[in-house]
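If you want the building blocks of each chain, they are given just below.
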Amino acid sequence: MDTLEALYTRYSCREFTDEVVSDEDIEKILKAALAAPSACNTRNWSFIVVRDRETLLKMNEANGPAANALQTANFAVLIVCDKNIMWPKFPEYYVIDGAIAGENMCIAATSLGIGSLWLGTWPQPNKMDAERAVFNLPENLIPHSVIAFGYAKDKSRIGELNKGLKDPTPKIHWEKW
Ligand SMILES: Cc1cc2nc3c(=O)[nH]c(=O)nc-3n(C[C@H](O)[C@H](O)[C@H](O)COP(=O)(O)O)c2cc1C
């Protein structure tokens, strides 16, 4: 699949089959995260990859019902950002840095035929504290987002043009507002 097709057909997949994603494909997805740009090249993110069902269920509990897709996800990635290596001048850029790495993983997964779902964690303190507790994260590590991955149970949306592209509300303005 070419890059534009992956971008145009990515969608939020909320139920997965029990088919296992290969280690090779997981590595490709993680490499996409590592290739992401970051402000001032701080690369302040790191990624906790979880396949263990018990831990996935703990992550579900931490993020609440909006993260129930973790019950069927084949694996998930918690993006964590390190306060100690953020750009001191504008540390807030970590939010963008983490988001770009996450989206890179979603697009890479799409291109491999693997479904993904973003599970917002930052800026919700209850979810962040609960994910911190699941992984016993030190104070300098900020839980940014969880992304669930797996093969889609409902195959009907695979390859479908993302509905956002069909949004009738004008989002693009040429030359002037
Ligand atoms: C920052 C962020 C947080 C999100 N959090 C959740 C979530 O907790 N649970 C969920 O089911 N979907 C979550 N989503 C997915 C959105 O609901 C989804 O992207 C949106 O409805 C558009 O659908 P699409 O991804 O299929 O285009 C999140 C997406 C983003 C970007």
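Asker: I'd love a proper account of a nonpolar patch on the surface, names of residues and values included.
Answerer: On the surface, a nonpolar cluster with roughly 460 Å² of combined accessible area is contributed by L4, L7, Y8, L161 and L165. Note on placement: L165 falls in the segment after β4 (141–150).

Asker: Can you break down the site of the ligand residue by residue, with the values?
Answerer: The ligand sits among R10, Y11, S12, R14, A66, L117, W118, L119, G120, R157, N162 and K163. One of the side-chain N or O atoms of S12 is found 2.6 Å from an oxygen atom in the ligand. In this structure, A66 approaches the ligand through a main-chain N or O atom, which is 2.9 Å from a nitrogen atom. Within the complex, the protein chains bury 58% of what would otherwise be the 620 Å² of accessible surface of the ligand. A breakdown of the residues in the shell around the ligand according to their chemical character gives 5 nonpolar, 3 polar and 4 charged.

Asker: Any chance you could break down the state of the cysteines for me, citing the residues and the numbers?
Answerer: According to the stated counting rule, one finds 0 disulfides in the structure shown. Unpaired in terms of disulfides, C13 finds its nearest cysteine sulfur in C106, a separation of 11 Å.

Asker: Could you give an account of helix α4 (residues 94–111), naming the residues involved and the relevant values?
Answerer: For α4, spanning 18 residues, the distance from its first C-alpha to its last is 26 Å, which sits close to the expected 26 Å at 1.5 Å a residue. Taken residue by residue, α4 has Y94, V95, D97, G98, A101, G102, M105, C106, I107, A108, A109 and T110 as its buried positions. Residues of α4 that are buried make contact with α1 (3–9), α2 (23–34), β1 (45–50), β2 (75–82), β3 (115–120) and β4.

Asker: For the nonpolar core, give the residues involved together with the corresponding values.
Answerer: Core analysis: the biggest nonpolar cluster contains 27 residues, and I29, F47, M105 and F149 have the highest contact counts within it. Elements with a minimum of two residues in this core: α2, β1, β2, α4 and β4. It is α4 that provides the largest number of residues to this core, a total of 7 residues. In contact with M105, not counting residues within four places along its chain, are I29, L30, A33, F47, V77, I79, I147 and F149. One finds L56, A76, L137 and L141 within the second-largest nonpolar core, a separate group that totals 21 residues.

Parameters at a glance
Residues numbered from 1 in each chain as written. Predicted model: local features only at pLDDT ≥ 70, side-chain atom pairs only at ≥ 80, totals over all residues. Heavy atoms only, no water. Patch = residues over 30% accessible without salt bridge, like charges linked within 9 Å, V, L, I, M, F, W, Y side chains within 5 Å. Areas by Shrake-Rupley, 256 points an atom, 1.4 Å probe, with all protein chains shown as cover. Salt bridge = Lys/Arg side-chain N within 4 Å of Asp/Glu carboxyl O. Helix = DSSP H or I, 4+ residues; strand = E, 2+ residues; numbered from the N terminus. Near = heavy atom within 4 Å. Polar contact = N/O pair within 3.5 Å; in protein donor to acceptor, adjacent residues only side chain to side chain. Nonpolar A, V, L, I, M, F, W, Y, C, P; charged D, E, K, R; others polar. Disulfide = S-S within 2.5 Å. Expected span 1.5 Å × (residues − 1). Buried < 20%, exposed > 50% of the residue type's maximum accessible area, 1.4 Å probe, protein only. Contact = heavy atoms within 4.5 Å. Core = buried A, V, L, I, M, F, W, Y, C linked by side-chain atoms within 4.5 Å.

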